[in-house]
Amino acid sequence: PLPGVPGRLQIASLLAARDGALWMGTRGAGLWTLRNGRWTAVPGVPGWSVSALAEGRDGAVYVGTDAGIAVCRGGTAAPLRGWPATVVRALALGSDGILYAGTLGQGLWLGRPSGAPERIGAGNGLPGEEVYDVRETRGGAIYVGTDRGVSFYDRGWLTNWTLASGLPDSRIWAFAGEKTAAGERVWVGTSDGLAAIEDGRLTVLGRAAGLPAGRVHTLWASPSGRLYAGTRTGVAIVESGRVVRTLGVADGLASRSVPAIREGPDGTVYFATLNGLSIWRGGRFTHLGERDGLPSPAVTSLALAPDGALFLGTAVWSVTLGPDGAVYAGTVRGLSVLRDGRFTTFDTRSGLTNNNIVCTVLDGAGRVYVSTNRGVNVLDPRAPPGRPAVLRTLRRADGLAGDEGDLGACYRDAQGRLWFGTIAGASVYDPAREPPPPAPPRVHIAGLQLFGRDLPLPPSGTTRALASRDNYLTFSFVGIDLGAPHRVRYLYRLRGLDRGFIETDRRSVQYTNLAPGDYRFEVQAASGLGPWSPAAVLAFDVLTPLWRRWWFLLLAALAVGMPVALLLTARVRQYLAIERLRTAIAADLHDHIGAGLTEISILSEIAARRATGNGSGHGSPKAAPELGKVAEIARHLVDRMDDIVWLINPRRDSLHELFLRLKDSYAELFAGSGILFKTTDLRLFEDIHLPMDYRENLYLIFKEALNNSLRHSGCREIELGVTVAGKRLEVRLAHDGRGFDSGGFDSAQGHGGDGLANMHRRAERMGGRLAIASAPATGTEVRFSGPLRRRHPRHAHR
């Protein structure tokens with residue numbers, strides 16, 4: 001019992017104020033203060049239960065209750081105007097004067113106490129809507145404790161618009177900005193209509209405004225106030241929030257599928273189509289195609305330079321122009337940069353998280369933001385040699401709506417904010433609100449394990465000797481940054497094995513089958529876009545085994561005979577070189593044979609056109625079929641060789657990589673055919689590594705199934721589902737197009753009549769079973785189920 005306080009109380013919160021007063025929040029008995037040894041009840045508190053207290057710089061006390069927030073000044077309390085009247089469980093006042101209120105069921109509310117608050121919830125990356133604690137670190141970082149984990153709030157540099165925000169669909173395909181009297185209106189194209197976002201408010205434009213049903217996959221806002229929206233049936237022209245005209249094939253558009261739209265300074269509108277470039281001038285269409293010099297009829301992207309020059313991409317997902325005249329081309333094999341007449345390509349070997357570049361956009365500092373199937377990579381195209389070009393990657397863990405981006409869905413608005421479309425919503429990134437780069441975190445090598453057993457770390461500056469059999473090592477490391485621990489990234493390399501530094505956000509790495517030699521493990525750390533720390537180093541030697549030392553070999557030669565000794569030495573060297581040989585074969589196949597086959601294919605197609613008189617009026621048509629066959633065979637060989645290069649790459653042996661390759665391999669065909677490809681969350685399978693034969697059979701089964709779906713079904717949607725339960729794997733691929741009768745699959749959809757039989761044989765080799773269900777009117781489902789065989793990677797992050 002407290003003197004002056006009736007009965008016993010449940011104390012829910014306490015605050016020791018700077019003036020010496022003690023504030024006490026209770027369950028059911030309101031708010032009390034202790035001054036000069038006396039307890040006094042505080043009148044005017046809007047709820048009987050007080051769970052949170054925070055003091056402002058001016059001495060005001062903010063009170064979180066079961067009915068909202070109150071502010072106490074001069075001994076009395078009053079409700080905080082404009083803030084929600086809901087259960088408040090946590091309060092914190094940031095060093096910048098922002099008030100943070102954690103609620104039950106409404107997430108986190110934040111803002112200046114005198115203004116209107118902003119709500120942060122699941123749509124902004126908060127893991128749970130029930131917030132029980134909010135804390136600010138000395139470095140200014142805000143941590144939010146929820147019913148589903150701890151979240152880090154980066155003060156609004158990344159926000160999201162999702163279904164929960166009012167979007168008609170979560171899949172985002174396009175953005176366009178339109179100047180208004182109040183600032184700017186950003187149009188968002190989704191899989192189910194169009195939305196406009198202006199001054200934090202969202203408006204949906206759908207069928208009631210005359211927009212056709214379905215996907216809006218490209219947008220262009222004209223300075224004249226017109227909005228051009230590419231839909232599945234052509235182009236809709238929107239003015240004042242309504243569709244005033246549509247343009248389709250009947251009006252002269254070359255194709256109803258329009259991947260990109262641009263308008264020139266003279267009012268000419270260019271439409272990229274899958275059947276050439278349609279040019280709309282003065283209400284009439286003209287066209288450019290292969291006969292006019294286009295390398296392919298499928299124009300997939302456009303970019304317009306300030307001087308009126310038009311850049312057209314064929315089999316290029318995005319074309320972006322830099323202020324220095326550089327051209328950035330996003331493809332399925334990485335980002336190619338054309339500067340001063342020379343191309344430079346960035347791909348996964350350069351640090352990108354994925355080679356399928358769906359769109360690019362530049363910020364005001366010249367950094368390039370590359371949207372992929374694995375997040376948005378922030379790229380410095382002028383990074384000095386020896387440093388990674390990728391500065392950081394924005395992922396779902398950072399607050400991005402989704403890791404998988406969509407074609408063409410990148411945009412920079414008038415305020416310099418960057419918009420990214422994903423399969424889970426639209427994300428808005430504001431570089432200006434991101435804090436300045438911090439000092440680099442201190443990095444430490446935290447542990448060394450041999451075959452999973454901890455080894456003591458050697459003293460700094462010394463070298464540890466390991467026996468020849470002690471060649472399965474795990475290095476653990478940590479960069480300490482309490483301000484933003486989830487944004488710490490690392491560079492590591494093993495001198496004596498790795499050619500250069502490798503970037504990761506993991507905190508351990510494994511090396512196996514190390515050959516005898518001297519090694520130095522080096523690791524650096526950086527936080528966000530900040531500088532890299534000095535390297536932490538661990539030096540060690542793997543000793544030459546007894547049976548490989550010169551005197552042992554000499555004795556063996558004398559005892560057994562020189563031929564036997566030489567044979568043993570050769571076999572040992574052969575086993576040690578297998579892994580390096582696999583990598584060398586992959587590189588040679590890709591760089592030499594692959595390039596030659598590609599050149600054969602291109603030259604054959606050119607020769608075939610000349611032979612049939614295409615463009616010249618001369619030539620013999622009899623030679624064209626054979627040349628066409630040569631080009632087709634070369635293309636098939638290039639495709640198969642790419643599969644082989646991928647298959648023998650030990651860094652691409654996970655179940656996640658397998659299905660991501662399937663998706664990326666067909667991305668261009670999906671886009672060109674207007675097919676929506678849905679998958680489960682493939683990130684769940686990053687740590688499941690497969691043997692080569694198992695991976696090959698599984699890949700070829702579902703490559704065959706995807707080929708059949710694309711060639712024969714006429715489907716609009718393909719869905720891939722993957723389930724791992726213990727030691728069992730189940731993969732399901734289904735489409736909504738034309739099915740087939742059970743007797744017609746081999747001849748109609750298999751290759752050479754053996755397609756179905758080959759798929760079944762591959763499933764049997766894996767110890768599993770393949771089930772195919774199909775009907776002409778209900779689509780097809782291919783389902784594999786069987787044991788999951790795993791392998792341990794030679795060099796994998798853990």
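Note that the structure is a prediction, hence the values are computed from the model and not measured.

Turning next to the overall build of the protein. If you tally the helices and strands in the protein, you get eight helices and 55 strands. Out of the 798 residues belonging to the protein, those deemed buried represent 49%. Sequence-distant contacts, at least 24 apart, represent 51% of the contacts inside the protein between residues at least 6 apart. A total accessible area of about 38,200 Å² is found for the protein, and carbon and sulfur atoms account for 53% of it.

Here we come to the nonpolar core. Leu655, Phe659, Leu698, Phe702, Val722, Leu729 and Phe784 are the most contacted members of the largest nonpolar core, which has 37 residues in total. Secondary-structure elements contributing two or more residues to this core are helix H3 (624–647), helix H4 (655–665), helix H6 (692–713), strand E52 (717–725), strand E53 (728–735), helix H8 (755–765) and strand E55 (779–787). Top contributing element to this core by residue count: H6, with nine residues. Not counting chain neighbours up to four residues away, the residues in contact with Leu655 comprise Phe685, Ile688, Leu690, Leu698, Val722, Val724 and Leu729. Ranked by size, the runner-up nonpolar core spans 26 residues in total, among them Leu466, Leu494, Ile502 and Phe540.

Think of a sheet as strands paired side by side through backbone hydrogen bonds, with each pair either parallel or antiparallel. Ordered by their spatial adjacency, four strands build an open sheet running E17-E18-E19-E20, and the pairing between neighbours is antiparallel. If you trace the sheet from one side to the other, it starts and ends with strand E17 (172–180) and strand E20 (201–205), each paired once. Strand-to-strand, the axes of this sheet are offset by a mean angle of 20°, without reference to chain direction. Where strand E19 (residues 193–198) and E20 come together, five bridges link them in antiparallel fashion. Looking across to E20, one finds that Ala195 is bridged to Val204.

Mean pLDDT for the protein: 81, with 81% of residues reaching 70 or above. Low confidence marks residues 614–619, where pLDDT is under 50. Its contacts with residues over four positions away, or in another chain, come to eight contacts. Predicted confidence is poor over residues 793–798, with pLDDT under 50, and the contacts of this stretch with residues over four places away or in other chains come to 30 contacts.

Direction vectors running N to C along H6 and H8 enclose 155°, while the axes themselves pass 9 Å from each other. In terms of orientation, H6 lies roughly antiparallel with respect to H8. The two elements H6 and H8 cross, and the hand of that crossing is left-handed. Between H6 and H8, the contacting residues are Asn697, Leu700, Ile701, Glu704 and Ala705 on the first element and Gly755, Met759, Arg762, Ala763 and Arg765 on the second. Taken together, the residues that form the contact of H6 with H8 break down as five nonpolar, two polar and three charged.

Burial analysis of strand E36 (residues 368–372) places five of its five residues in the buried class, which makes it a mostly covered element. Burial along E36 is two-sided: Val368, Val370 and Thr372 and Tyr369 and Ser371, pointing in opposite directions, are all buried. Relative to E36, strand E35 (residues 359–362) runs antiparallel, the two sharing four bridges. Pairing of Leu362 across the sheet is with Val368, part of E36.

With antiparallel pairing, the four strands of this open sheet are ordered in space as E35-E36-E37-E38. In this open sheet, the two edge strands, each paired with only one partner strand, are E35 and strand E38 (390–394). The sheet shows a mean angle of 20° between the axes of neighbouring strands, taken without regard to direction.

This next bit is on the pattern of salt bridges. Under the defined criterion, the tally for this structure stands at 28 salt bridges. Across the salt bridge formed by Arg382 and Asp324, the nearest N and O atoms sit 3.0 Å from each other. Taken together, the positions of Arg382 in the loop between strand E37 (375–379) and E38 and Asp324 in the loop between strand E31 (318–321) and strand E32 (327–331) put the pair 58 residues apart, joining distant regions of the chain. On the basis of relative accessible area, Asp324 is assigned to the partly exposed category, the value being 43%. Taking the shortest distance from any N to any O, the salt bridge between Glu657 and Arg374 comes out at 2.9 Å. With Glu657 in helix H4 and Arg374 in the loop between E36 and E37, this pair connects stretches of sequence that are 283 residues apart. A single burial state applies to Glu657 and to Arg374, both of which are buried.

Once that is clear, we can look at the environment of Glu696. Mapped onto the secondary structure, Glu696 falls in helix H6. Judged by its relative accessible area of 24%, Glu696 falls in the partly exposed class. In this structure the C-alpha to C-alpha distance between Glu696 and Ile648, which are 48 residues apart in sequence, comes to 9.7 Å.

With that out of the way, let us pick up unusual backbone geometry. The phi angle at Ser240 is positive, at roughly 55°, despite the residue not being glycine. Mapped onto the elements of the fold, Ser240 is located in the loop between strand E23 (234–239) and strand E24 (242–247). In this structure, Asp340 is a non-glycine residue whose phi angle is positive, near 55°. Checked against the element boundaries, Asp340 lands in the loop between strand E33 (334–339) and strand E34 (342–346).

Moving on to H6. Here H6 spans 31 Å end to end across 22 residues, near enough to the 32 Å set by a 1.5 Å rise per residue. Most of H6 sits out of view: 16 of its 22 residues are buried. Backbone geometry just downstream of H6 places Gly714 in the positive-phi region, at approximately 65°.

So, about the state of the cysteines. Applying the stated criterion to the full structure yields one disulfide. Here Cys359 connects covalently by a disulfide to Cys410, the sulfurs 1.9 Å from one another. Residues Cys359 and Cys410 share a disulfide whose torsion about the S-S bond is about 55°; that sign makes it right-handed. Of the two residues, Cys359 sits in strand E35 while Cys410 sits in strand E39 (residues 405–412), which places them 51 residues apart along the sequence.

A separate point is empty space enclosed by the protein. Applying the stated criterion to the full structure yields two cavities of 30 Å³ or more. Estimates place the volume of the second largest cavity at around 30 Å³. Lining the second largest cavity, in full, are Ser371, Thr372, Gly375, Val376, Leu400, Gly402, Asp403, Glu404, Gly405, Phe420, Gly421 and Thr422. Those elements that place two or more of their residues in the lining of the second largest cavity are E36, E37 and strand E40 (418–422). For the lining of the second largest cavity, the leading source of residues is E40, giving three residues. Its residues assigned to classes, the lining of the second largest cavity comprises three nonpolar, seven polar and two charged.

Between H4 and H6, the least distance of the axes is 11 Å, while the angle of their chain directions is 30°. For the element pair H4 / H6, the angle class is roughly parallel. Between H4 and H6 the crossing geometry is right-handed. Taken together, the residues of H6 that come into contact with H4 (itself represented by Leu655, Leu658, Phe659, Arg661, Leu662 and Ser665) are Arg695, Leu698, Tyr699, Phe702, Lys703 and Leu706. Classifying every residue of the contact of H4 with H6 by side-chain character gives eight nonpolar, one polar and three charged.

The rules behind the values
Residues numbered from 1 in each chain as written. Predicted model: local features only at pLDDT ≥ 70, side-chain atom pairs only at ≥ 80, totals over all residues. Heavy atoms only, no water. Helix = DSSP H or I, 4+ residues; strand = E, 2+ residues; numbered from the N terminus. Buried < 20%, exposed > 50% of the residue type's maximum accessible area, 1.4 Å probe, protein only. Contact = heavy atoms within 4.5 Å. Areas by Shrake-Rupley, 256 points an atom, 1.4 Å probe, with all protein chains shown as cover. Core = buried A, V, L, I, M, F, W, Y, C linked by side-chain atoms within 4.5 Å. Pairing = 2+ DSSP bridges. Axes fitted to C-alpha atoms, helices over the stretch in contact; angles between N-to-C directions. pLDDT = per-residue confidence, 0-100. Parallel < 35°, antiparallel > 145°, perpendicular 65-115°, else oblique. Left-handed = near helix turned anticlockwise from the far one by under 90°. Nonpolar A, V, L, I, M, F, W, Y, C, P; charged D, E, K, R; others polar. Salt bridge = Lys/Arg side-chain N within 4 Å of Asp/Glu carboxyl O. Expected span 1.5 Å × (residues − 1). Disulfide = S-S within 2.5 Å. 1 Å grid on protein atoms, 1.4 Å probe; cavity = no way out; pocket = protein on both sides within 12 Å on 5 of 7 lines; lining within 4 Å. Points joined across faces, edges and corners; volume = space filled by probe spheres on them.

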